[in-house]
Amino acid sequence: MHVPFVDLRSQYQSIKPAIDSAIADVIRDTAFIGGKYVKQFEQEFAQKYGVDHVIPCANGTDSLYIIMKMLGIGAGDEVITVANSWISSSETISQAGAKPVFIDIHPDYYSMDETKLEAAISSSTKAVIVVHLQGQMCEIDTIKAICDKHGVFLIEDCAQSHFSSYKGIRAGLTGIAGSFSFYPGKNLGAYGDAGCIITNDGSLAEKCRMFATHGALKKHNHLIEGINSRLDGLQAAILSVKLRHIEEWTKLRIENAALYDQYLAGIPQIAIPKVRPGTVHTFHLYVIKAEQRDALAAFLKEEGIETFIHYPVPLPAMPAYQYLGYTPDDFPVTTALQPQILSLPIYPELTESQIAFVAESIRNFYKKKA
Ligand SMILES: *Cc1c(COP(=O)(O)O)cnc(C)c1O
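Report follows, based on the coordinates. (Residues numbered from 1 in each chain as written. Predicted model: local features only at pLDDT ≥ 70, side-chain atom pairs only at ≥ 80, totals over all residues. Heavy atoms only, no water.)

So, on to the sheet that holds strand β4 (residues 125-131). What the 7 strands build is an open sheet, ordered β1-β9-β8-β5-β4-β2-β3; its pairing is mixed. At either end of the open sheet lies a strand with only one pairing partner, and these are β1 (53-57) and β3 (99-103). Adjacent strand axes in the sheet meet at a mean angle of 25°, parallel and antiparallel pairs treated alike. With 5 bridges joining them, β1 and strand β9 (residues 195-199) adopt antiparallel strand pairing. Looking across to β9, one finds that Pro-56 is bridged to Cys-196. Strand contacts of helix α3 (residues 36-49): β1, β8 (177-181) and β9, with the helix running at about 135° to β1, the strand carrying the most contacts. Sitting on the sheet, helix α4 (residues 62-70) is in contact with β1, β2 (78-82), β4, β5 (153-157), β8 and β9, with an inclination near 160° to β8. (Pairing = 2+ DSSP bridges. Helix = DSSP H or I, 4+ residues; strand = E, 2+ residues; numbered from the N terminus. Axes fitted to C-alpha atoms, helices over the stretch in contact; angles between N-to-C directions. Contact = heavy atoms within 4.5 Å.)

This is how it looks when you write it as structure tokens:
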């Protein structure tokens with residue numbers, strides 16, 4: 001049996017007629033840039049997500065950059081984020097002209113450890129970027145309270161947490177703005193690059209929209225210099241079709257995670273993911289902690305099961321951040337977790353027999369080793 005890490009083909013097969021006709025419509029209308037399909041997705045996403053403003057852009061990295069620029073973050077400022085994330089969360093801090101400051105992650109949930117945040121805030125701190133990693137939100141209430149107390153902006157990187165929630169409030173709706181990626185493998189994914197910003201702040205929304213379109217809300221009326229970061233019509237039309245299925249797909253991810261929990265029960269060498277009380281974890285990733293992780297991953301590969309590590313190197317340990325002078329001791333939790341974490345295949349189309357096969361293979365690996 002082959003179990004790919006993601007299976008975008010089977011999802012396409014399940015909605016092929018709607019996708020094909022959406023693509024044909026965009027081409028018929030030559031609505032490639034801007035236009036009605038982009039507007040329509042914007043409105044549909046805003047309505048379904050429950051937010052006032054959706055600003056589409058080219059990807060989920062630009063969205064972070066645009067938010068920071070429009071909040072006035074720049075030279076001399078510090079922005080705090082986490083050691084365990086994708087580099088978008090920190091490279092955009094530098095792109096905006098500020099200095100990234102990394103803190104450690106929570107030992108149970110692998111995203112920002114809220115108890116480490118306050119000590120990292122300095123007089124230069126302008127913002128905190130939380131990353132709702134793997135589909136599960138951070139302790140956002142505590143983080144928001146700390147940000148408010150110190151007068152710093154809270155920005156939410158929701159690239160892995162579409163429709164996740166904490167105490168009934170969705171990712172991206174607590175901070176000043178939320179940043180989404182619609183990269184194909186994300187829970188809501190386009191067929192190319194795409195992203196957006198969400199916010200309930202009308203003035204920030206207008207600024208972001210302007211900055212993403214060369215600093216002009218009206219053509220040839222450039223109030224500021226901006227960038228070119230557009231969502232194209234084809235991606236918007238595809239996203240509109242997929243948005244109709246997002247609740248169902250999210251439910252299937254959650255059900256598949258529960259099946260993994262069941263099938264993996266009682267293997268002492270691994271730990272299944274913990275769900276933070278009060279959160280709806282939407283399982284962009286299903287990350288286990290495993291003894292002999294690398295040997296296990298190699299064994300699973302031979303069995304036809306693809307796995308990944310999110311992330312193999314903590315961000316502050318990357319060559320790109322050597323200049324900041326961090327050592328592994330600055331991030332004891334991230335450092336200790338790194339050799340243990342393993343992401344198993346998870347997506348709505350994953351079948352129970354595939355899940356059972358993955359679990360059985362893991363069980364066999366440890367039996368052989370015993
Ligand atoms: C995917 C991802 C991004 C970047 O999204 P792109 O659309 O690929 O630019 C940012 N942050 C996190 C945490 C991600 O997983």
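From this point, things continue past the structure.
The next subject is the sheet that holds strand β7 (residues 169-170). In space, the 3 strands of this open sheet follow the order β7-β6-β11, with antiparallel pairing throughout. This sheet does not close on itself; its edge strands, each paired only once, are β7 and β11 (279-280). Where strand β6 (residues 165-166) meets β11, 2 bridges bridge the pair, whose relative direction is antiparallel. In the sheet register, Ser-165 faces β11, and the bridge partner there is Val-280.

Taken together, Asn-59, Gly-60, Thr-61, Ser-85, Trp-86, Ser-88, Val-131, Asp-157, Ala-159, Gln-160, Ser-181 and Lys-186 make up the full set of residues near the ligand. One of the side-chain nitrogen or oxygen atoms of Ser-181 is found 2.6 Å away from an oxygen atom of the ligand. Within the complex, the protein chains bury 91% of what would otherwise be the 380 Å² of accessible surface of the ligand. When atoms are counted within 2 Å of each cavity's grid points, the one that captures over half of the ligand is the largest pocket. (Near = heavy atom within 4 Å. Polar contact = N/O pair within 3.5 Å; in protein donor to acceptor, adjacent residues only side chain to side chain. Areas by Shrake-Rupley, 256 points an atom, 1.4 Å probe, with all protein chains shown as cover. 1 Å grid on protein atoms, 1.4 Å probe; cavity = no way out; pocket = protein on both sides within 12 Å on 5 of 7 lines; lining within 4 Å. Sits in = over half its atoms within 2 Å of the grid points.)

Another aspect to go through is the state of the cysteines. In this structure the tally under the stated criterion is 0 disulfides. For the unlinked cysteine Cys-57, the closest cysteine sulfur is that of Cys-196, found at 6.8 Å. Residue classification places Cys-57 among the buried residues on the basis of a relative accessible area of 0%. Here Cys-147 stays unpaired: no disulfide links it, and the sulfur of Cys-138, its closest cysteine neighbor, is 11 Å away. (Disulfide = S-S within 2.5 Å. Buried < 20%, exposed > 50% of the residue type's maximum accessible area, 1.4 Å probe, protein only.)

Considering all chains together, one arrives at 15 salt bridges under this definition. The salt bridge involving Glu-42 is made with Lys-39; its shortest N-O contact spans 3.2 Å. A residue pair is termed a helical-turn pair when its members lie 3 or 4 positions apart in one helix, as Glu-42 and Lys-39 do in helix α3 at 3 residues. Among the salt bridges present, the one from Glu-42 reaches Arg-209, with a minimum N-O distance of 3.0 Å. Of this pair, Glu-42 sits in helix α3 while Arg-209 sits in helix α8 (residues 202-212), and the two are 167 residues apart along the sequence. (Salt bridge = Lys/Arg side-chain N within 4 Å of Asp/Glu carboxyl O.)

Within this structure, the stated rule accounts for 19 aromatic pairs. When the ring of Phe-45 is compared with that of Phe-180, the centres are 5.6 Å apart and the planes differ by 80°; the resulting orientation is edge-to-face. Taken together, the residues span a long stretch of sequence, with Phe-45 in helix α3 and Phe-180 in strand β8 at a distance of 135 residues. Classification of Phe-180 as buried rests on a relative accessible area of 0%. Taking 5.2 Å as the distance between ring centres and 75° as the angle between the ring planes, the aromatic pair formed by Tyr-49 and Phe-180 counts as edge-to-face. A residue pair is termed long-range when its members are at least 10 positions apart, and Tyr-49 in helix α3 and Phe-180 in strand β8 qualify at 131 residues. Site record: aromatic cluster; members linked through ring pairs are Phe-41, Phe-45, Tyr-49, Phe-163, Phe-180 and Phe-182. Over the face of the ring belonging to Tyr-49 we find Arg-170, whose NZ or CZ atom lies 5.5 Å from the ring centre. (Phe/Tyr/Trp six-rings, centres within 6.5 Å; stacked < 30°, edge-to-face > 60°. Lys NZ or Arg CZ within 6 Å of the ring centre and 35° of its normal.)

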